[in-house]
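Spelled out from the first residue to the last, the chains are:
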Protein chains: 2
Amino acid sequence: MQAWLVEREDAATRVQFRVRRVLHRERSPYQTISVVELESMGRALVLDDAIQVTERDAFVYHEMLVHVPACAHPRPRRVLVVGGGDGGTLLELARHPEVERIDLVEIDRRVVEVSRRFLPWAEAAFSDPRLTLHYADGARFLERPPSRFDLILVDAPDPVGPGEALFGDAFYEAALRALQPGGMLVTQSGSIWFQSPLLAAINRRLARWFGRVHTYLASVPTYSIGPWSFTVGSSGPDPRAVDAARARRLATRYYTAEVHRAAFVLPRFVQQQLDEAIRATPRPLRAAGTRA
Amino acid sequence: MQAWLVEREDAATRVQFRVRRVLHRERSPYQTISVVELESMGRALVLDDAIQVTERDAFVYHEMLVHVPACAHPRPRRVLVVGGGDGGTLLELARHPEVERIDLVEIDRRVVEVSRRFLPWAEAAFSDPRLTLHYADGARFLERPPSRFDLILVDAPDPVGPGEALFGDAFYEAALRALQPGGMLVTQSGSIWFQSPLLAAINRRLARWFGRVHTYLASVPTYSIGPWSFTVGSSGPDPRAVDAARARRLATRYYTAEVHRAAFVLPRFVQQQLDEAIRATPRPLRAAGTRA
């Protein structure tokens, strides 16, 4: 008998990966956590049947989530990661010597524990001496943050179940309050083909609070059959501009300064959708770089 | 009962699209030709179980195959399309008033006839008064071309079965001979994740004959779960440079001058694979722009 892991794009479109073996499966208070070995993609962490990371292509997602804002911000010293229990985002943050302190807030302690046991990069990533780990709800955590941040990286699953609050208007308002002047928030924002209403909504919501909102793309094969999107809200610098000298010093497999700039160039039909979404939004309730 | 169309990336990775209905199915002398209606992607032309085009995402592939070389060449007057029986490439060529004559060589007359009947754009595309249609083997046709071309667009299926000869060394040599000085050839060159040996081989083979070889990317959801690649061999102009004024006049949904430039920026791991492939190749046997 052959087992296949099924990822659904929509009711009529799905991707299947053949499973060599199941390494772990448990039910945490929040979700079902599995680790499987996929024949074509290596080890994969799966939450409630949705692939979070695989050994083969995780670097695309984590490099693009981290290095784009980190090389656009002039001096990212304090970073908050919301979610990110698989450790991949921490692994990429470790390449930035400017970062002095990292707070990571993950709702499900078991995701961290399972990742440290089964994902090859996770044990080292969670041993970063700059890291403070919080097991808490990300949205609640942001109501009373321990400090202000230069970057907030929202490394969240899809906006269903426990992840839903991390895509809402209240969350973005709280995030802006928790940022230093000139700070930036980046969030994954879904597939351009199968989640375009979500992508437009994220642009609209961020544009209510942030002076600059820009979407960029990278294809992560195990997330979607089309490009995956990330969206930055910045209260200061233009996220499309890159500190090329810092970018060049990074040991990466996907990201370069040229990839940074090119990732913000959107297909015309996507650019038009987002221009429309943002045009329909009242301009920032709080001007860029200021807060109440 | 539900029917699903299955696309295989490799033996352990596949994509499935739910079929609403089958509109046509026949066995031609060359292949099985089907037209189906997919719930999520609209009408699709399927040859030997591989999706060639769908209503929803064909524009990505055809715009990028046509407009990149056409806006990089200073004055594309004569164009040869090898394959392209679904008419999508012709549809995009119709947007270039500089093009005076188009030859299209398709091995399978039934692909053209079925496309004209079932694909909404095809009847108009094949009615272009500049078009001369040849039902012949593309590789043989190039041995005695009716004229010399500014652009050769290889709109071929995967290099298995009837398409195999369109990816070989002899084909690229004949293509160079059939090009005007400064002419360019572009070919689809497969998935960067699942066909990287093919992509490297195409770069290597083209580099034997063409002074400039460059790969560019676009994600076509029904082709692969990762980005799709296209590779240009140029005997003259740099294909990464774009005539922005001509690009701006095109009514497109995907392509813009900015998309043109950004598409040539490759992820570092892909760029490294191709640099290696080309370094291992003896530099052009015939200097750029010259021929025996």
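Each residue is numbered by its place in its chain's sequence as written, counting from 1. For naming, the first written chain is A and the first written ligand is 1, with later ones following in the order written. Note on the predicted model: pLDDT of at least 70 is required for a residue's local features to be given, and 80 or more for side-chain atom pairs to be given and counted; whole-chain, interface and lining totals, by contrast, use all residues. With hydrogens and water stripped out, all remaining heavy atoms of the structure feed into the side-chain values.

Examining the relation of the copies chain A and chain B
Once chain A is rotated about the relating axis by 180 degrees and shifted along it by 0.0 Å, it coincides with chain B to within an RMSD of 0.0 Å. On the angle and the small slide along the axis, the relation comes out as a two-fold axis. Pairs of residues are marked as contacts when any of their non-hydrogen atoms sit within 4.5 Å. Taken as a fraction of all interface residues of chain A, those also at the interface in chain B reach 100%, which identifies the copy contact as same-surface. Alignment of copies: least-squares fit on C-alpha atoms of residues with pLDDT of at least 70 in both copies.

Focus on the UniProt feature "binding site: spermidine" (unreviewed entry) in chain A
All names here are of chain A. Under the local residue numbering, the UniProt record ascribes the feature "binding site: spermidine" (unreviewed entry) to His62 and Asp86. The named residues occupy 25 residues along the chain; their greatest pairwise C-alpha distance, 10.5 Å, places them in one compact cluster. For His62, a relative accessible area of 2% gives the class buried. Excluding its chain neighbours within four sequence positions, the residues that come into contact with His62 are Val53, Asp86, Gly88, Thr89, Glu92 and Asp155. The way it works is that DSSP assigns letters per residue, a run of H or I at least four long becomes a helix, a run of E at least two long becomes a strand, and they are numbered from the N terminus. Of note, Asp86 is situated in the loop between β6 (78-83) and α2 (88-93). You can call Asp86 buried: its relative accessible area is 7%. Beyond its immediate chain neighbours, meaning those up to four positions away, Asp86 contacts Leu45, Val53, His62, Val111, Ser115, Leu119, Trp121, Ala122, Phe126 and Asp155. Polar side-chain contacts of Asp86 include one of 3.3 Å to the side chain of His62. UniProt positions are given in the numbering used here, feature names are shortened, and annotations may be inferred rather than shown by experiment. In this scheme, a residue with accessible area under 20% of its type's maximum is buried, one over 50% is exposed, and one in between is partly exposed, where area comes from a 1.4 Å probe on protein chains only. Side-chain atoms alone can form a polar contact between residues adjacent in sequence; in general such a contact is a pair of N or O atoms within 3.5 Å, and within protein one must be able to donate a hydrogen while the other accepts it.

Considering the pattern of salt bridges
One side-chain nitrogen of Lys or Arg within 4 Å of one carboxyl oxygen of Asp or Glu is enough to make a salt bridge. Following the criterion strictly, the structure yields 31 salt bridges over all chains and no others. In this structure, the salt-bridge partner of Glu123(A) is Arg116(A), at a minimum N-O distance of 3.1 Å. Its relative accessible area of 28% is what places Arg116(A) among the partly exposed residues. The closest approach of N and O atoms between Arg208(B) and Asp169(B), which form a salt bridge, is 2.4 Å. Remark: Asp169(B) occurs in helix α6 (residues 169-178) and Arg208(B) occurs in helix α7 (residues 196-209); sequence separation between them is 39 residues. Judged by relative accessible area, Arg208(B) falls into the partly exposed class, the value being 28%. Connected through salt bridges with shared partners, the residues Arg20(A), Arg21(A) and Glu37(A) form a single ionic network.

Regarding the environment of Ser229(A)
Residues and elements named next belong to chain A. Note that Ser229 resides in strand β12 (residues 228-234). Judged by its relative accessible area of 0%, Ser229 falls in the buried class. In sequence terms Ser229 and Ser219 are 10 residues apart; their C-alpha atoms lie 8.3 Å from each other. Setting aside residues no more than four positions away along its own chain, Ser229 makes contact with Gln188, Ser189, Gly190, Ile192, Leu199, Thr215, Tyr216 and Leu217. Within the structure, the side chain of Ser229 is placed 2.8 Å from the side chain of Ser189, a separation counted as a polar contact. Looking at Ser229, its side chain comes within polar contact range of the main-chain oxygen of Gly190, at 2.8 Å.

Some remarks on the interface of chain A and chain B
Taken residue by residue, the interface counts 39 residues in chain A and 39 residues in chain B. Interface of chain A and chain B: buried area, both sides summed, is about 3400 Å²; carbon and sulfur atoms make up 61% of it. In short, buried area is how much 1.4 Å probe accessible area vanishes from two parts on joining, totalled over both. Among the residues of chain A in contact with chain B, Trp193(A), Ile225(A) and Arg268(A) are the three that bury the most area, contributing 22% of the side total. Counting every contact that joins chain A to chain B gives 0 salt bridges. Inspection of the chain A/chain B interface yields 17 residue pairs in polar contact (both at pLDDT 80 or more). Counting only elements with at least two residues in the side of chain A that touches chain B, the list comes to β1 (3-10), β2 (13-27), α1 (58-72), α9 (257-263) and α10 (268-279) of chain A. Examining the composition of the side of chain A that touches chain B, we find that 6 residues originate from one element, β2(A), more than from any other.

Remarks on the sheet that holds strand β10 (residues 179-191) of chain A
All names here are of chain A. The pairing criterion for strands is at least two bridges between them, as found by DSSP. Pairing is mixed in the open sheet, where 7 strands are placed in the order β8-β7-β6-β9-β10-β12-β11. Of all the strands in the sheet, the pair left with one neighbour each is β8 (131-135) and β11 (212-218). On average, each strand axis in the sheet is inclined to that of its neighbour by 15 degrees, with strand direction left out of account. Where β11 and β12 come together, 7 bridges link them in antiparallel fashion. Looking across to β12, one finds that Leu217 is bridged to Ser229. Between N-to-C directions, angles span 0 to 180 degrees; the directions come from axes that are lines fitted to C-alpha atoms, helices contributing only their stretch in contact. Packing against the sheet, α1 makes contact with β9 (149-155), β10, β11 and β12, and its axis sits at approximately 160 degrees to β9. Sheet contacts for helix α6 (residues 169-178): β6, β9 and β10; angle to β10, the most-contacted strand, approximately 145 degrees.

As for the packing of aromatic side chains
In this scheme Phe, Tyr and Trp rings, the latter by its six-membered ring, pair at centre separations within 6.5 Å, and the angle between planes marks the pair as stacked below 30 degrees, edge-to-face above 60, and tilted otherwise. Inspection of every chain in the model, using the stated rule, returns 18 aromatic pairs over all chains. Geometrically, the ring pair formed by Phe59(A) and Trp193(B) is tilted, given 6.0 Å between the ring centres and 45 degrees between the ring planes. Here Trp193(B) lies in the loop between β10 (179-191) and α7 and Phe59(A) lies in helix α1, a pairing that spans two chains. Consider the rings of Trp193(A) and Phe269(A), whose centres lie 5.2 Å apart with planes at 50 degrees: the pair is tilted. Of the two residues, Trp193(A) is situated in the loop between β10 and α7 (196-209) and Phe269(A) in helix α10; the sequence distance between them amounts to 76 residues. The same class applies to Trp193(A) as to Phe269(A), namely buried. Here the aromatic cluster, defined as three or more aromatic residues joined through ring pairs, consists of Tyr61(A), Tyr216(A), Tyr223(A), Trp228(A), Phe230(A) and Phe264(A). Any Lys NZ or Arg CZ that is within 6 Å of a ring centre and within 35 degrees of that ring's normal is treated as a charge sitting over the ring. For Arg56(A), the ring lying beneath its charged end belongs to Phe194(B), and the centroid distance is 5.3 Å. For the cation-ring pair, Arg14(B) lies above Trp4(A), with the distance from its terminal atom to the ring centre recorded as 3.7 Å.

Concerning empty space enclosed by the protein
Each cavity reported here is a set of points on a 1 Å grid over the protein atoms alone in which a 1.4 Å probe fits but cannot get out, each pocket an open set with protein on both sides within 12 Å along at least five of seven lines, and each lining residue one with an atom within 4 Å of a point. Grid points are joined across faces, edges and corners, and a volume is the space filled by probe spheres set on the points. Enumeration according to the criterion identifies 1 cavity of 30 Å³ or more in this entry. A volume near 440 Å³ is recorded for the largest cavity. Lining the largest cavity are 27 residues, with Leu217(A), Tyr254(A), Ala262(A), Leu217(B) and Ala262(B) positioned closest to its centre. Elements represented by at least two residues in the lining of the largest cavity include exactly α1, β11 and α9 of chain A together with β11 (212-218) and α9 (257-263) of chain B. A class-by-class count of the residues in the lining of the largest cavity yields 25 nonpolar, 2 polar and no charged. Under the scheme applied, nonpolar residues are Ala, Val, Leu, Ile, Met, Phe, Trp, Tyr, Cys and Pro; charged residues are Asp, Glu, Lys and Arg; polar residues are all the others, including Gly.

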